[in-house]
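Now for the letters of each chain:
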Amino acid sequence: MRNIFIMLTLAFSVLLIYENAGGELAEITLLHTNNVNGHLFPCFS
Amino acid sequence: MLGGIARRVTYVEKKRAERRPVLVVESGDLFFDIRESGDSQKALTKARLLGRAYRRMEAVAVNVGDQDLLHGLDFLREESSKGLPLISANLLDSSSKTPIFPPYLIQKVSGVRIAFFGLIPPGFRPAIQKAVGETVLVKDPLETARETVQKLRGRADLIVLLSDLGLEMDRMISRAVPGIHFILGGNERRLFVRANQEGETYIFQSYEKGMYIGKLLLVIRNPTSSFQDKLKPDQILREIDGMDRRIRTLQRDRDRQPQQNVDQAIQFITQQKAQREEELRNARDFLSRGNYFLLTMELMEEMIPEDEAVQRWIAETKVEQD
């Protein structure tokens, strides 16, 4: 039981190190539109 | 046919299935087109459907553009009451002189507080003025931007302006109001391949009619520091290559016919190149430790399937063309 706990702790630590390897706090995607102007089916004009 | 609201919804849902959080935002003039005349009932039907679709996409902030006022305030209030997060910092009720919609919204994502505030241009065209009468006032955008950024300092890590003002005014605000990280603009329907930089603010627009979605990936290491374009080193490298080519051409000219002014030109370009090489080293260093962004314009092409629910809503409205 104790060994399983140690293994799980180690695996979790490795996962955390892997997650922070790039030093990123966050990666966020913004998706943006403008001037849709009521179009449901746009076409070039 | 490119774009289409049903396709846009599918794209957003696909992005949401990926690992990183997704925030959908709109800079204004979502609902109506001043150039479109005629059946106002059809325009309202389409506008309601767009509101419903943006709620389905779980948009976090939708700025009110001047053309969104074409059918009066009641329509917008109805959309807001249904849960569409309409914002505007400078659209005021003329009697109370207070904002009609929330001036800004703050989203906390992965521990980062992102504030979105919205601005509408002053000076309505006659059709818009007729629709709103004397019920609204537009406060000066620059003054409003200054006050809003002041309020947001310490309450948000990242400040994003959703602007319907147009590029010229966006640039002016960037220069006059430090502290805005990004201006996601509109009004002129421009397609930006790269973001425009003014000081530490980056500005872009995502064309028109929903044919493209502007995708801005933010990689944040220190929420309080500034951003750099991930493609900046590539751009500098291209400039250095161009300088190398010019130097080689001038050297060939000089070898054919020695001239003092050619020597001076070579020396001048060589100095410029050394400066750019220094900038390249700094840009690469910044990328390895600071915040950066990557902007891509995603074309809503025909291979993206249409969302079935939105297709059904469109069929129910019996609107077959714009």
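Residues numbered from 1 in each chain as written. Chains lettered and ligands numbered in written order. Predicted model: local features only at pLDDT ≥ 70, side-chain atom pairs only at ≥ 80, totals over all residues.

Colleague: What is the right way to look at the overall build of chain B in this model?
Modeller: Helix and strand content of chain B: nine helices and 14 strands. Taking all 322 residues of chain B together, 39% fall into the buried category. Long-range pairs, those at least 24 residues apart, make up 71% of the contacts in chain B with a sequence separation of at least 6. (Helix = DSSP H or I, 4+ residues; strand = E, 2+ residues; numbered from the N terminus. Buried ≥ 20, exposed ≤ 12 C-beta atoms within 10 Å, placed from the backbone. Contact = placed C-beta atoms within 7 Å.)

Colleague: Just checking my understanding: could you explain the interface of chain B and chain A for this structure?
Modeller: Tallying the contact residues gives 56 residues for chain B and 21 residues for chain A. Broken down by secondary-structure element, the contributors of at least two residues to the side of chain B that touches chain A are α1 (5-16), β1 (22-26), α2 (40-56) and β12 (212-220) of chain B. Looking at which element gives the most residues to the side of chain B that touches chain A, the answer is β12 of chain B, with eight residues. When grouped by side-chain class, the residues that make up the side of chain B that touches chain A number 29 nonpolar, 14 polar and 13 charged. Here five bridges tie strand β1 (residues 26-33) of chain A to β1 of chain B, and the two strands are oriented parallel to one another. Residue H32 of chain A lies in a different strand from β1 of chain B, and its bridge partner there is V25 of chain B. (Nonpolar A, V, L, I, M, F, W, Y, C, P; charged D, E, K, R; others polar. Pairing = 2+ DSSP bridges.)

Colleague: Can you walk me through α1 of chain B in this structure?
Modeller: Helical geometry: 3.6 residues make up each α-helical turn, so side chains three or four residues apart lie on a common side. The end-to-end C-alpha separation of α1 of chain B is 17 Å, in line with the 16 Å expected for 12 residues at 1.5 Å each. Along α1 of chain B, the residues classified as buried are I5, A6, R7, R8, V9, Y11 and V12 of chain B. Turning to α1 of chain B, the residues buried within the fold contact β1 of chain A together with β1, α2, β12, β14 (291-299) and α9 (308-317) of chain B. (Expected span 1.5 Å × (residues − 1).)

Colleague: How should I be thinking about the domain arrangement of chain B in this particular structure?
Modeller: Interfaces are frequently sized by the accessible area removed from exposure as the parts join. The domains assigned to chain B are domain 1 (5-218 + 293-317) and domain 2 (232-289). Of note, the centres of domain 1 of chain B and domain 2 of chain B, computed from C-alpha atoms alone, are 41 Å apart. (Domains from an automatic or database assignment.)

Colleague: I tried to follow the sheet that holds β1 of chain B on my own but got confused; where do I start?
Modeller: Two strands in a sheet stick together by hydrogen bonds in their backbones, pointing the same way (parallel) or opposite ways (antiparallel). Spatial strand order, β3(B)-β2(B)-β1(B)-β1(A)-β12(B)-β14(B)-β13(B): seven strands in an open sheet with mixed pairing. The open sheet is flanked by β3 (86-87) and β13 (227-229) of chain B, the only strands paired with a single partner. Examined bridge by bridge, β1 of chain A and β12 of chain B share seven bridges and lie antiparallel to one another. In the strand pairing of β12 of chain B, L30 of chain A is matched with L216 of chain B.

Colleague: Would you take a moment to explain the sheet that holds strand β10 (residues 196-198) of chain B for this structure?
Modeller: Residues and elements named next belong to chain B. Taken together, six strands build an open sheet; the order of strands is β5-β6-β8-β9-β11-β10 and the sheet is mixed. What marks the edges here is a single partner per strand, and that holds for β5 (104-109) and β10. With direction set aside, neighbouring strand axes in the sheet form an average angle of 25 degrees. Sheet topology note: the β10/strand β11 (residues 201-204) ladder contains three bridges and is antiparallel. From the neighbouring strand, N196 faces β11, where its bridge partner is I203. Here helix α6 (residues 167-176) sits on the sheet and contacts β8 (158-163), β9 (182-184), β10 and β11; the angle it forms with β11, its principal contact strand, is near 170 degrees. (Axes fitted to C-alpha atoms, helices over the stretch in contact; angles between N-to-C directions.)

Colleague: In this structure, what is going on with the nonpolar core? I would like to understand it.
Modeller: Where a protein is soluble and globular, its nonpolar side chains tend to be buried together. Residues V25, L50, A115, F116 and V160 of chain B are the most contacted members of the largest nonpolar core, which totals 86 residues. Ignoring anything within four residues of it in the chain, the contact list for A115 of chain B reads Y104, I106, L152, A156, L158, I159 and V160 of chain B. (Core = buried A, V, L, I, M, F, W, Y, C linked by C-beta atoms within 7 Å.)

Colleague: I would appreciate a short explanation of the pairing of β14 of chain B in the present structure.
Modeller: Every regular strand shows the same layout, with side chains that alternate between the two sheet faces. Inspection of the sheet shows β12 of chain B paired to β14 of chain B by eight bridges, in the antiparallel sense. By the bridge assignment, L216 of chain B is partnered in β14 of chain B with L295 of chain B.

Colleague: How should I be thinking about unusual backbone geometry in this particular structure?
Modeller: In terms of backbone geometry, most residues other than glycine have negative phi values and most peptide bonds are trans. Positive phi is not limited to glycine here, since N37 of chain A has a value of about 50 degrees. With respect to the element layout, N37 of chain A can be found in the segment after β1. For K97 of chain B, which is not glycine, the phi dihedral falls at a positive 60 degrees. On the secondary structure map, K97 of chain B appears in the loop between β4 (91-93) and β5. In this structure K97 of chain B comes out as exposed when scored by C-beta crowding, with 9 C-beta atoms within 10 Å.

Colleague: Explain the environment of R52 of chain B to me, please; I cannot follow it from the model alone.
Modeller: Within the element layout of this structure, R52 of chain B appears in helix α2. With 17 C-beta atoms packed within 10 Å, R52 of chain B lands in the partly exposed category.

Colleague: What should I look at first to understand the packing of α1 of chain B against α9 of chain B in this one?
Modeller: Pairs of packed helices are described in terms of their axes, by the angle between the two and the distance that separates them. All names here are of chain B. For the pair α1 and α9, the least separation of the axes is 8 Å and the interaxial angle reads 160 degrees. As far as their axial angle goes, α9 and α1 are roughly antiparallel. Relative to α9, α1 is oriented so that their crossing is right-handed. Facing α1, whose interface residues are I5, A6 and V9, α9 presents V310, Q311 and I314. Among the residues making up the contact of α1 with α9, the classes are represented as five nonpolar, one polar and no charged. (Parallel < 35°, antiparallel > 145°, perpendicular 65-115°, else oblique. Left-handed = near helix turned anticlockwise from the far one by under 90°.)

Colleague: Can you walk me through the environment of M300 of chain B in this structure?
Modeller: Tracing the backbone shows M300 of chain B in the loop between β14 and α9. Along the primary structure M300 of chain B and R7 of chain B are separated by 293 residues, whereas in three dimensions their C-alpha atoms are 6.9 Å apart.

Colleague: What is the right way to look at the pairing of β11 of chain B in this model?
Modeller: All names here are of chain B. Taking every second residue as pointing to the same face, both faces of β11 are buried, with T201 and I203 on one and Y202 and F204 on the other. Pairing between β9 and β11: three bridges, direction parallel. Counterpart to I183 in the pairing with β11 is I203.

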